[in-house]
Structures are given as structure tokens and as C-alpha cells.
Amino acid sequence: MYNRKGLFIIILFFIGVLSLIVMPFVGMKYIPFHAIFSSSSAVKESEILWKFRIPRVLLSFFAGVGLGLSGMAFQAMFRNPLATPFTLGVSSGAALGAAIYVKTGICFSIIGISGLSLSAFLGAVLSILLVYALSRMKKHGSTATMLLAGVAISFFFSSLIMFIQYICDFNNSFRIMRWLMGGLDIMGFEPLLNMLPFVIFGGIIITLLTNELNLLTIGEEIALSRGVALTHIKCLIFFATSLMVGGIVAICGPIGFVGMMCPHICRLLVGPNHRYLIPSTIVFSGVFLALCDTFARTIIAPAEIPVGVVTALIGGPFFITLLFSKGWTEAGFL
């Protein structure tokens, strides 16, 4: 059984690498492979490849990794496949922080990290603190209480974003509206480099908590009996997910359903053991979002669909299927 799971992860890894190699050459116009070496006859194609397509594919992959790992960590902690950065208000908080940054018109960076990314991270942390505070206000607050608090905070922050959008001028209002749909239309590697530290650092924290996530999946009582410091571990998970989601939302906007679908599918394929679930979620989530973005920029070329629209179109039916399928209980949550 374990060898089969390891073999599946290896196969998934090679499929992921192959997909990442092929996807930059696919688009409105197919770019031949030799353009990557910038021959004199393909200077324009090489420029398109290195300035637009390769950075965009890498951005979509790492954004998918961060969203997938965040959803996986929340699902393990709350033992609920619907627990994602969106249902807990983390994405809405990050989006609110970024919207406020856009509205104020200020521009700054700290140690090379843009003010937009920092504002989104602070917004994500604020949402987590509010959700945690609200859940603690009720005696014997359960996991369901925290999920409901997250939904309430998410709706509240979404209304604040709409208010900010309403009072902005036309340019900023359209910028916020388009950004809220989720998009990966970048030029050059700078946006990727701004996002990468958030995803890598947060991903390392989640990976180091493999054993704790396994115990949380079984139940908090079992985790406590095995010596897990629940409050400390939950704070680490919240910090890591806020870090990843804040960095991603600042660059790509809020992209929904990736954190719900990908970890759940991987859990059904390799089981709830995070030794296998984490690497499979990393590869599957990254490739999934990269494929969605490739489809979004190709299907109605030269125009393109916001990738958040594509993931929502896939995620809506998946959500309904999840509600009425036996996969919910098979994933080990109930």
C-alpha cells in the first residue's frame, strides 16, 4: 500500500514536471521549443516566452501550491473538507488589506517586499485574529463555531471591499473589480519573486507539522494525549496560511476553490497520512491552477478569462458533488 502511494506521488511528480515544461509553449500562438534559446530568427517569440509565459506558468504553479497547502492544513485542523482560506475569511481579509492599499495610493516596500503583499498579509492576520476572538467569546466554542465566525467575517470584509470599490475613482474601481476575479496576467519575474518568499516560508512550516496534522486529523483529544500543544500548533498553522494566502492574494487576487478541491482529491487518492498528502497536494494543486490558467488564456484568445472564474466554474459543481457523495466520509473526517 505504501509503495503504491509512493509510486503514485512519483508518477504525479513527473506528470507535473512535464506539464510545466509544455504549458509555456501553449497559448494563442504556439511557440516552438527552440525559441527558448533566443535564436536570431525567434527573438520576438523568445521575448514572449521569457517575459510573459514562463513567469506566468511558474506564478500559477506556486500560487496553486500555497492555496492547496493552506486548504489542506485547515481541513486537517478542522476535520472538515469545507474548511478553506475562503470559508475562514483569510482570503477576504487579505483582499481587504490589498484594497485599502490600492485606495490609499501609498507606495512602499520593506526589505524588498512590496507594500501590497504586506498589506494583504496583515489583512489575513487580522481576519484570523477576529475569527479566533469571536470563537473564544462563546464558552466551549467548537470547530463549527470557528467556521461560522469565519464565514461571518468573510461576508463582512467582502462588504467593506465593495464599499471601498464604490468610493474609488473609475480606474481604481475597475482595477479592484478585475483583481477580485483572480488573475495571473503578469510581465516579468518580479511579481513571482515578491510572492515566492511567502509561499516557501509558509510551506516549510506546514511541512514541518506533518505529524501534528496527522494527529489533528484523528481528533484533538488524541493529539492532546500524544503531547501536541494545540494552541501553539494552531497559531503556527494560522500564521503559515495567512503568510501564503496574503502573498498570493496580493499578486493574483482571491482565487477560490483550489484550497478545497485539490487537497480533498489528493486525500481520496493517497489517504489522510500527511507524509504522502503534502507532496501530492503540492504537485496536484500547482499543476491544477497552471492548467486552469493555460485554459483561461487560450480558450477565447486573444482575450482571456480570469482564472478565478475558471476555478469557480469547476469548484461549484465539485462542491455540490462533494455534498452528496460518499467521498466526504471516506476522506476520514466523519
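This text goes with the structure placed above it.
A brief look at the structure comes next. None of these values were measured; they are calculated from a predicted model.

A closer look at the overall build of the protein chain
Move 1: Along its length, the protein chain carries 14 helices and two strands.
Move 2: By the compact-globule yardstick of 20 Å for 334 residues, the protein chain fits well, its C-alpha radius of gyration being 20 Å.
Move 3: Dimensions of the protein chain, computed from C-alpha atoms along their principal axes, come out at roughly 65 × 55 × 40 Å.
Move 4: Looking at the protein chain residue by residue over its 334 residues, the buried ones come to 54%.
Move 5: For the protein chain, restricting intrachain contacts to residue pairs at least 6 apart in sequence, the fraction spanning at least 24 positions comes to 76%.
Move 6: Total accessible area on the protein chain stands at roughly 15,900 Å², and carbon and sulfur atoms take up 72% of it.
Move 7: The positive charge centre, built from 20 side chains, and the negative charge centre, built from 11, are 7 Å apart in the protein chain.

Side note on the nonpolar core
Move 1: The biggest cluster of nonpolar side chains holds 85 residues, and the ones touching the most others in it are Leu59, Phe74, Phe78, Met195, Ile237, Cys252 and Ile255.
Move 2: Beyond its immediate chain neighbours, meaning those up to four positions away, Met195 contacts Leu59, Phe62, Ala63, Gly247, Ile248, Ile251 and Cys252.

Description of unusual backbone geometry
Move 1: The backbone of Arg79 sits at a positive phi, close to 55°, despite the residue not being glycine.
Move 2: Within the secondary structure layout, Arg79 lies in the loop between helix 2 (43–78) and helix 3 (90–104).
Move 3: Positioned with a positive phi, Phe257 is a non-glycine residue whose angle comes to about 75°.
Move 4: For Phe257, the location among the structural elements is in the loop between helix 10 (230–252) and helix 11 (258–270).

Description of empty space enclosed by the protein
Move 1: Taken as a whole and assessed by the stated rule, the structure comprises one cavity of 30 Å³ or more.
Move 2: In this model, the largest cavity occupies a volume close to 40 Å³.
Move 3: The wall of the largest cavity is formed by Leu67, Thr84, Pro85, Phe86, Ile255, Gly256, Phe257, Val258 and Gly259.
Move 4: Of the residues belonging to the lining of the largest cavity, the class tally is six nonpolar, three polar and no charged.

Comments concerning the environment of Phe319
Move 1: For Phe319, the position within the fold is in helix 13 (residues 307–323).
Move 2: Accessibility expressed as a relative area gives 29% for Phe319, which makes it partly exposed.
Move 3: Separated by 58 residues in the primary sequence, Phe319 and Met261 have C-alpha atoms spaced 8.1 Å apart.
Move 4: Those residues in contact with Phe319 that sit more than four places away from it in its chain are Leu82, Phe257 and Met260.

Some thoughts on the layout of surface pockets
Move 1: Taken as a whole, the largest pocket spans an internal volume of roughly 500 Å³.
Move 2: Together, 22 residues line the largest pocket, and Phe86, Thr87, Ser92, Ser154 and Ser158 are the ones closest to its centre.
Move 3: Listed by contribution, the elements that provide at least two residues to the lining of the largest pocket are helix 3, helix 5 (143–167) and helix 13.
Move 4: Here the residues of the lining of the largest pocket are counted per class, giving 13 nonpolar, nine polar and no charged.

What about the packing of aromatic side chains?
Move 1: All told, the structure shown has seven aromatic pairs when counted by the stated rule.
Move 2: Considering the side-chain rings of Phe121 and Phe239, the 6.0 Å spacing of their centres and the 85° angle between planes classify their relative orientation as edge-to-face. Placement of the pair is Phe121 in helix 4 (residues 115–137) and Phe239 in helix 10, with a sequence separation of 118 residues.
Move 3: Ring-pair connections join several aromatic residues into one group, and the members of that group are Phe74, Phe78 and Phe238.

Let's talk about the pattern of salt bridges
Move 1: Under the definition given, this model contains five salt bridges.
Move 2: A network of salt bridges, in which partner residues are shared, links Arg56, Asp293, Arg297 and Glu304.

Things to note about the state of the cysteines
Linking two cysteines covalently via their sulfur atoms produces the bond known as a disulfide.
Move 1: On inspection of all chains with the given rule, the structure shows zero disulfides.
Move 2: Considering cysteine sulfurs only, Cys168 is the nearest to Cys107, which forms no disulfide, with 16 Å between them.

Quick notes on the rules
- Residues numbered from 1 in each chain as written.
- Predicted model: local features only at pLDDT ≥ 70, side-chain atom pairs only at ≥ 80, totals over all residues.
- Heavy atoms only, no water.
- Helix = DSSP H or I, 4+ residues; strand = E, 2+ residues; numbered from the N terminus.
- Rg over C-alpha atoms; globule rule 2.2 N^0.38 Å.
- Buried < 20%, exposed > 50% of the residue type's maximum accessible area, 1.4 Å probe, protein only.
- Contact = heavy atoms within 4.5 Å.
- Areas by Shrake-Rupley, 256 points an atom, 1.4 Å probe, with all protein chains shown as cover.
- Lys, Arg positive; Asp, Glu negative; His and termini not counted.
- Charge placed at Lys NZ, Arg CZ, Asp CG, Glu CD.
- Core = buried A, V, L, I, M, F, W, Y, C linked by side-chain atoms within 4.5 Å.
- 1 Å grid on protein atoms, 1.4 Å probe; cavity = no way out; pocket = protein on both sides within 12 Å on 5 of 7 lines; lining within 4 Å.
- Points joined across faces, edges and corners; volume = space filled by probe spheres on them.
- Nonpolar A, V, L, I, M, F, W, Y, C, P; charged D, E, K, R; others polar.
- Phe/Tyr/Trp six-rings, centres within 6.5 Å; stacked < 30°, edge-to-face > 60°.
- Salt bridge = Lys/Arg side-chain N within 4 Å of Asp/Glu carboxyl O.
- Disulfide = S-S within 2.5 Å.

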